[in-house]
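# Reading the structure
Given next are the chains, with one letter for each unit.
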Amino acid sequence: MTKSTDLRTEYLRSELNEDDAGADPFALFSRWYKEAVDSGGRDPNAMSLATTDAQGRPSVRIVLCKEFDRSGFVFFTNYSSRKGSELAHNPNACILFYWADLERQVRIDGRVELVPAAESDAYFAQRPLSARIGAWASPQSQPISGRESLERRFTEMEQRFAGQSAPPRPAYWGGYRLVPSALEFWQGRSSRLHDRLLFSLRGANWERVRLAP
């Protein structure tokens, strides 16, 4: 069996109980995230991001969480993309981490805000050069005439920034931080009697309750 399969067997034998979870959702998330990384699964920082448009219609896509701490969960994108436009209309959003091999999910509700420009600049500067040029080349979420037009635009941007090791960050590209108001931890169990613990922010404190599966 693979390492991930062994871990899945191990975790299905365990439970998510209140004593193990503790009272701090960020400490629990950090522990689960480390275990997801250690399991060797692909892209443990991948998360689904759900937003809504002006008519309240939902949309969802996978983005990568680039950092997290007690202030929230950070991802980067084009501000003019569909997700960016929807967040400008309604900053309330939801993210979901799903670690299939460990039979675990974490759903996080919150309000999304822009990260400071200096933080976006710092992250953009450490991206591979091709990714930085790609950010300039792609009018994300907008219709284009074909693949050729995108590749032509990329070539144009390569020429524009030729000789520059650090192209500047486009003004329309940067980071968002989802500031949590609730975190739900889901642990798969046998007979579909899964464990679900919900942490909700009440003033300055986190309230923990168990939910039926």
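Attention here is on the structure that accompanies the text.

### What about the overall build of the protein chain?
Secondary structure summary: the protein chain contains 7 helices and 9 strands in total. Considered along the principal axes of its C-alpha atoms, the protein chain spans approximately 55 × 45 × 30 Å. Scored against the burial criterion, the 213 residues of the protein chain give a buried share of 39%. Within the protein chain, contacts between residues separated by at least 24 positions form 63% of all contacts whose residues are at least 6 apart in sequence. Accessible surface computed for the protein chain: about 11600 Å², of which carbon and sulfur atoms make up 51%.

### A short note on the packing of aromatic side chains
Taken as a whole, this structure holds 21 aromatic pairs when the rule is applied. A centroid spacing of 6.1 Å and a plane angle of 20° characterise the contact between F29 and Y33, whose relative ring orientation is stacked. Of the two residues, F29 and Y33 are both situated in helix α3 (residues 25-38); the distance of 4 residues between them amounts to about one turn of the helix. For the pair formed by F29 and Y33, the shared burial category is buried. Pairing F76 with W173 gives two aromatic rings, centres 5.7 Å apart and planes at 15°, and the pair type is stacked.

### Here's the deal with the packing of helix α6 (residues 129-137) against helix α7 (residues 147-160)
It is the contact of α6 with α7, at a shortest axis distance of 9 Å, that shows an interaxial angle of 115°. Crossing geometry of α6 relative to α7 is assigned as right-handed. Residues S130, I133, G134, W136 and A137 of α6 form the contact with α7, whose participating residues are L150, R153, F154, M157, E158 and R160. Looking at the contact of α6 with α7, its residues break down into 6 nonpolar, 2 polar and 3 charged.

### Observations concerning the nonpolar core
Within the largest apolar cluster, 29 residues are counted, with the highest numbers of intra-cluster contacts made by F29, F73, F97, W99, I108 and F185. For this core, the secondary-structure elements that each account for two or more residues are α3, β1 (46-52), β4 (72-78), β5 (92-99), β6 (104-114), β7 (173-187) and β8 (195-202). Considering each element in turn, this core owes the most residues, 6 residues, to α3. With residues up to four places along the chain from it excluded, the contact list for F185 reads L16, P25, L28, F29, W32, Q105, V106, D195, R196, L197 and F199. Counting residues in hydrophobic clusters, the runner-up holds 12 residues, among them V74, I133, A137 and F161.

### A word on the pairing of β7
Judged by how many residues are buried, β7 sits mostly within the fold: 13 of 15 residues are covered. Pairing between β4 and β7: 6 bridges, direction antiparallel. Bridge pairing in β7 places F76 opposite G175. Two elements, β6 and β7, share 11 bridges in a ladder whose sense is antiparallel. Pairing of E113 across the sheet is with R177, part of β7.

Criteria and thresholds
Residues numbered from 1 in each chain as written. Predicted model: local features only at pLDDT ≥ 70, side-chain atom pairs only at ≥ 80, totals over all residues. Heavy atoms only, no water. Helix = DSSP H or I, 4+ residues; strand = E, 2+ residues; numbered from the N terminus. Buried < 20%, exposed > 50% of the residue type's maximum accessible area, 1.4 Å probe, protein only. Contact = heavy atoms within 4.5 Å. Areas by Shrake-Rupley, 256 points an atom, 1.4 Å probe, with all protein chains shown as cover. Phe/Tyr/Trp six-rings, centres within 6.5 Å; stacked < 30°, edge-to-face > 60°. Axes fitted to C-alpha atoms, helices over the stretch in contact; angles between N-to-C directions. Left-handed = near helix turned anticlockwise from the far one by under 90°. Nonpolar A, V, L, I, M, F, W, Y, C, P; charged D, E, K, R; others polar. Core = buried A, V, L, I, M, F, W, Y, C linked by side-chain atoms within 4.5 Å. Pairing = 2+ DSSP bridges.

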